[in-house]
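Geometric and topological summary
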Amino acid sequence: MSKRDKADAGALVYGGVPRARLMPPEVAMRRKESARRRSLIALTALVAAVTVAGVVASFLNAAAADQRLAAERLLTEQLLAQQLEFTEVTQVRSDLQIIADLRTQLGTVDVLWLDALAPYFRPLGSGALVDGLTVISDAPAQPALGISGPLRQARVATISMTIVTPEEPTPWLWFRAWEQLPTFADASIDRITLIDAGYETVVMINLNAEALSGRFSPDAATDGESEESTGGTDAGTGTGTGTETGTETEEGDQ
């Protein structure tokens, strides 16, 4: 140790930091408890403020939602009131849609039987007599007939005819004529029986989709309207011509 250190060691120091704690421990603990209590109070106040703010925001949001709901209800009532003014139009449109749907369904099964069967009667000859006729065809909202068996074609209708001929029949000639028809799918001879009046032949004929009339399709409706308008014009012209012709005939007679 130097002389200076020894001199400093014996000198008095004023204003130094005391190294002894003279306050009782209870005072320090009380101060900590006070600080902790203030912190808890502040935290509780903050939570309460947040809760109040959330409740107020919820009430404001609910009030705004009620206002929007009231506005939407008012708009709905106005639209319903306007819709009631066009109830008849809505009903007419609904009826037209139903009719269009029914026409579409009928268009897939409709066959004009008189026009469809007439070509199949011609090859039979003048001496043949159709003694019985049974027709099975597709129906709306029912499963399609489909193919009747192996080596058969798709069909939309099946005709079973009982043909009576005074002489021995020639079904192969009938088949050759029927094969030329666009509506012919296939045919078969079920039986040939000898009877008192001659021969009885039972024939089954299948018709394809060409046999459908197509008169209920949208294109057919458009074409029909065009033909009506054109026909009306021609009818008016024809009336005038007919009148002139009648006048000339009367003059000739005189």
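Residues numbered from 1 in each chain as written. Predicted model: local features only at pLDDT ≥ 70, side-chain atom pairs only at ≥ 80, totals over all residues. Heavy atoms only, no water.

Side note on the overall build of the chain
Looking only at helices and strands, the chain features six helices and four strands. In sequence order, the secondary structure elements of the chain are arranged as α-α-α-α-β-β-α-β-β-α. The buried share among the 254 residues of the chain stands at 16%. Counting every atom, the chain has about 19,500 Å² of accessible surface; 59% of that belongs to carbon and sulfur. (Helix = DSSP H or I, 4+ residues; strand = E, 2+ residues; numbered from the N terminus. Buried < 20%, exposed > 50% of the residue type's maximum accessible area, 1.4 Å probe, protein only. Areas by Shrake-Rupley, 256 points an atom, 1.4 Å probe, with all protein chains shown as cover.)

Quick word on a nonpolar patch on the surface
Together, L43, L46, V47 and V50 make up an exposed nonpolar region whose accessible area comes to about 380 Å². Within the secondary structure, L43 is located in helix α2 (residues 25-85). (Patch = residues over 30% accessible without salt bridge, like charges linked within 9 Å, V, L, I, M, F, W, Y side chains within 5 Å. Salt bridge = Lys/Arg side-chain N within 4 Å of Asp/Glu carboxyl O.)

Points about the packing of aromatic side chains
According to the stated counting rule, one finds three aromatic pairs in the structure shown. Residues W174 and W178 carry aromatic rings whose centres are separated by 6.2 Å and whose planes lie at 40° to one another, so their mutual orientation is tilted. With W174 and W178 both in helix α5 (residues 171-178) and four residues apart, the pair spans about one turn of that helix. The buried category is assigned to W174, whose relative accessible area is 3%. (Phe/Tyr/Trp six-rings, centres within 6.5 Å; stacked < 30°, edge-to-face > 60°.)

As for the sheet that holds strand β1 (residues 129-137)
Working definition: the strands of a sheet are paired by backbone hydrogen bonds and lie parallel or antiparallel to each other. Reading across from one edge, β1-β2-β4-β3 is the order of the four strands in this open sheet, with antiparallel pairing throughout. Each of the sheet's edge strands pairs with one partner strand only, and the pair in question is β1 and β3 (184-195). On average, each strand axis in the sheet is inclined to that of its neighbour by 15°, with strand direction left out of account. Relative to strand β4 (residues 198-207), β3 is paired through ten bridges, and the arrangement is antiparallel. Across the sheet, the residue bridging to R191 is V202, located in β4. Its contacts with the sheet place helix α4 (residues 113-121) against β1, β2 (157-165), β3 and β4, and it is angled at close to 135° to β1. With respect to the sheet, α5 is in contact with β2, β3 and β4, its orientation differing from that of β3 by roughly 160°. (Pairing = 2+ DSSP bridges. Axes fitted to C-alpha atoms, helices over the stretch in contact; angles between N-to-C directions. Contact = heavy atoms within 4.5 Å.)

In short, shape yes, function no, at least from these values alone.
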